[in-house]
Amino acid sequence: VAHIERIGKMIDRIQSRADKLEANGVDTAAAEADLLSAETKLSEAKSKLSALSAAAAFILNANSLAAASESINTSKAAFEEVRGLIKEAHELMRSA
(Lines give C-alpha, C1' and ligand atoms only; values in the text may rest on other atoms or scores of the structure.)
Protein backbone atom coordinates (compact mmCIF):
# COMPACT_ATOMS: atom_id res chain seq x y z
CA VAL A 1 0.00 0.00 0.00
CA ALA A 2 2.83 2.40 0.84
CA HIS A 3 4.40 1.76 -2.54
CA ILE A 4 1.11 2.55 -4.28
CA GLU A 5 0.86 5.80 -2.33
CA ARG A 6 4.44 6.79 -3.22
CA ILE A 7 3.86 6.16 -6.91
CA GLY A 8 0.61 8.12 -6.69
CA LYS A 9 2.45 11.10 -5.22
CA MET A 10 5.12 10.87 -7.94
CA ILE A 11 2.41 10.82 -10.59
CA ASP A 12 0.90 13.95 -9.04
CA ARG A 13 4.28 15.74 -9.15
CA ILE A 14 4.90 14.72 -12.75
CA GLN A 15 1.38 15.80 -13.68
CA SER A 16 2.03 19.19 -12.10
CA ARG A 17 5.20 19.59 -14.16
CA ALA A 18 3.39 18.49 -17.31
CA ASP A 19 0.69 21.09 -16.65
CA LYS A 20 3.35 23.80 -16.32
CA LEU A 21 5.02 22.68 -19.54
CA GLU A 22 1.69 22.58 -21.34
CA ALA A 23 0.98 26.13 -20.17
CA ASN A 24 4.25 27.11 -21.86
CA GLY A 25 3.19 25.52 -25.14
CA VAL A 26 4.94 22.16 -24.85
CA ASP A 27 3.06 19.13 -26.18
CA THR A 28 2.53 16.84 -23.20
CA ALA A 29 -0.18 14.59 -24.66
CA ALA A 30 1.94 11.42 -24.65
CA ALA A 31 3.14 12.02 -21.10
CA GLU A 32 -0.39 12.73 -19.89
CA ALA A 33 -1.68 9.55 -21.56
CA ASP A 34 1.01 7.53 -19.76
CA LEU A 35 0.17 9.21 -16.46
CA LEU A 36 -3.53 8.46 -16.92
CA SER A 37 -2.72 4.82 -17.66
CA ALA A 38 -0.49 4.67 -14.59
CA GLU A 39 -3.26 6.10 -12.41
CA THR A 40 -5.67 3.50 -13.80
CA LYS A 41 -3.23 0.69 -12.98
CA LEU A 42 -2.79 2.02 -9.44
CA SER A 43 -6.55 2.22 -8.99
CA GLU A 44 -6.89 -1.40 -10.12
CA ALA A 45 -4.11 -2.41 -7.72
CA LYS A 46 -5.85 -0.66 -4.80
CA SER A 47 -9.15 -2.40 -5.47
CA LYS A 48 -7.47 -5.79 -5.78
CA LEU A 49 -5.64 -5.18 -2.49
CA SER A 50 -8.98 -4.55 -0.82
CA ALA A 51 -10.19 -7.89 -2.14
CA LEU A 52 -7.01 -9.51 -0.80
CA SER A 53 -7.77 -8.12 2.65
CA ALA A 54 -11.15 -9.80 2.56
CA ALA A 55 -9.54 -13.04 1.40
CA ALA A 56 -7.06 -12.87 4.28
CA ALA A 57 -9.92 -12.55 6.75
CA PHE A 58 -11.61 -15.56 5.14
CA ILE A 59 -8.41 -17.61 5.41
CA LEU A 60 -8.09 -16.79 9.10
CA ASN A 61 -11.68 -17.78 9.77
CA ALA A 62 -11.92 -20.75 7.36
CA ASN A 63 -13.60 -23.86 8.76
CA SER A 64 -11.65 -26.31 6.65
CA LEU A 65 -8.07 -26.70 5.54
CA ALA A 66 -9.18 -27.24 1.94
CA ALA A 67 -11.11 -23.97 1.84
CA ALA A 68 -8.19 -22.09 3.41
CA SER A 69 -5.72 -23.70 1.00
CA GLU A 70 -7.82 -22.80 -2.03
CA SER A 71 -8.20 -19.24 -0.81
CA ILE A 72 -4.44 -18.98 -0.22
CA ASN A 73 -3.72 -20.11 -3.78
CA THR A 74 -6.23 -17.63 -5.16
CA SER A 75 -4.73 -14.89 -2.99
CA LYS A 76 -1.22 -15.66 -4.23
CA ALA A 77 -2.36 -15.27 -7.82
CA ALA A 78 -4.17 -12.03 -6.99
CA PHE A 79 -1.11 -10.70 -5.17
CA GLU A 80 1.07 -11.39 -8.22
CA GLU A 81 -1.49 -9.54 -10.34
CA VAL A 82 -1.35 -6.55 -7.96
CA ARG A 83 2.43 -6.66 -8.09
CA GLY A 84 2.30 -6.66 -11.90
CA LEU A 85 -0.10 -3.70 -11.93
CA ILE A 86 2.20 -1.72 -9.65
CA LYS A 87 5.18 -2.51 -11.88
CA GLU A 88 3.25 -1.45 -14.98
CA ALA A 89 2.19 1.80 -13.29
CA HIS A 90 5.78 2.50 -12.30
CA GLU A 91 7.02 1.87 -15.83
CA LEU A 92 4.31 4.10 -17.30
CA MET A 93 5.17 6.83 -14.82
CA ARG A 94 8.85 6.60 -15.76
CA SER A 95 8.06 6.85 -19.47
CA ALA A 96 5.84 9.91 -18.96
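Everything discussed here concerns the structure shown above.
Residues numbered from 1 in each chain as written. Predicted model: local features only at pLDDT ≥ 70, side-chain atom pairs only at ≥ 80, totals over all residues. Heavy atoms only, no water.

Asker: Account for the overall build of the protein, with residues named and values stated.
Answerer: Counting its secondary structure elements, the protein contains three helices and zero strands. Secondary structure of the protein in N-to-C order comes out as α-α-α. The C-alpha radius of gyration computed for the protein amounts to 18 Å, which surpasses the reference 12 Å derived for 96 residues by more than 25%, pointing to a less compact arrangement than a globule. Projected onto the principal axes, the alpha-carbon positions of the protein cover approximately 65 × 15 × 15 Å. Counting every atom, the protein has about 6,400 Å² of accessible surface; 55% of that belongs to carbon and sulfur. A gap of 8 Å separates the mean positions of the 12 positive and 14 negative side-chain charges of the protein. (Helix = DSSP H or I, 4+ residues; strand = E, 2+ residues; numbered from the N terminus. Rg over C-alpha atoms; globule rule 2.2 N^0.38 Å. Areas by Shrake-Rupley, 256 points an atom, 1.4 Å probe, with all protein chains shown as cover. Lys, Arg positive; Asp, Glu negative; His and termini not counted. Charge placed at Lys NZ, Arg CZ, Asp CG, Glu CD.)

Asker: I'd like to hear about the pattern of salt bridges, residue by residue, with values.
Answerer: Note that side chains of opposite charge can pair when their charged atoms are close. Counted according to the given criterion, the structure contains four salt bridges. Among the ionic pairs, Lys48 bridges to Glu81, the shortest N-O distance being 3.3 Å. Residue Lys48 is located in helix α2 (residues 29-61), and its partner Glu81 is located in helix α3 (residues 65-95); the two are separated by 33 residues in the primary sequence. Residue classification places Lys48 among the partly exposed positions, given a relative accessible area of 27%. The exposure class assigned to Glu81 is partly exposed, which follows from its relative accessible area of 41%. (Salt bridge = Lys/Arg side-chain N within 4 Å of Asp/Glu carboxyl O. Buried < 20%, exposed > 50% of the residue type's maximum accessible area, 1.4 Å probe, protein only.)

Asker: Go over the packing of α2 against α3, please, and point to the residues and values.
Answerer: Remark: α2 packs on α3, axes separated minimally by 8 Å, with the N-to-C direction vectors making an angle of 160°. If you check the angle between α2 and α3, you find them roughly antiparallel. Between α2 and α3 lies a crossing whose hand is left-handed. Taken together, the residues that form the contact of α2 with α3 break down as 19 nonpolar, four polar and six charged. (Axes fitted to C-alpha atoms, helices over the stretch in contact; angles between N-to-C directions. Parallel < 35°, antiparallel > 145°, perpendicular 65-115°, else oblique. Left-handed = near helix turned anticlockwise from the far one by under 90°. Nonpolar A, V, L, I, M, F, W, Y, C, P; charged D, E, K, R; others polar.)

Asker: Just give me the short version of a positive patch on the surface, but keep the residues and values in it.
Answerer: A grouping of Lys9, Arg13, Arg17 and Lys20 is seen on the molecular surface, where their side chains present a positively charged patch. With respect to the secondary-structure elements, Lys20 resides in helix α1 (residues 2-23). Among the residues examined, Lys20 registers a relative accessible area of 56% and is labelled exposed. (Patch = residues over 30% accessible without salt bridge, like charges linked within 9 Å, V, L, I, M, F, W, Y side chains within 5 Å.)

Asker: Tell me about the packing of α1 against α2, and name the residues and values.
Answerer: Between α1 and α2, whose axes approach to 10 Å, the crossing angle comes to 160°. Of the possible angle classes, the one that applies to α1 and α2 is roughly antiparallel. In the crossing of α1 with α2, the sense of the turn from one axis to the other is left-handed. Across the interface between the two elements, Ile4, Glu5, Ile7, Gly8, Ile11, Asp12, Ile14, Gln15, Ala18, Asp19 and Glu22 from α1 touch Glu32, Leu35, Ala38, Glu39, Leu42, Ala45, Lys46 and Leu49 from α2. (Contact = heavy atoms within 4.5 Å.)

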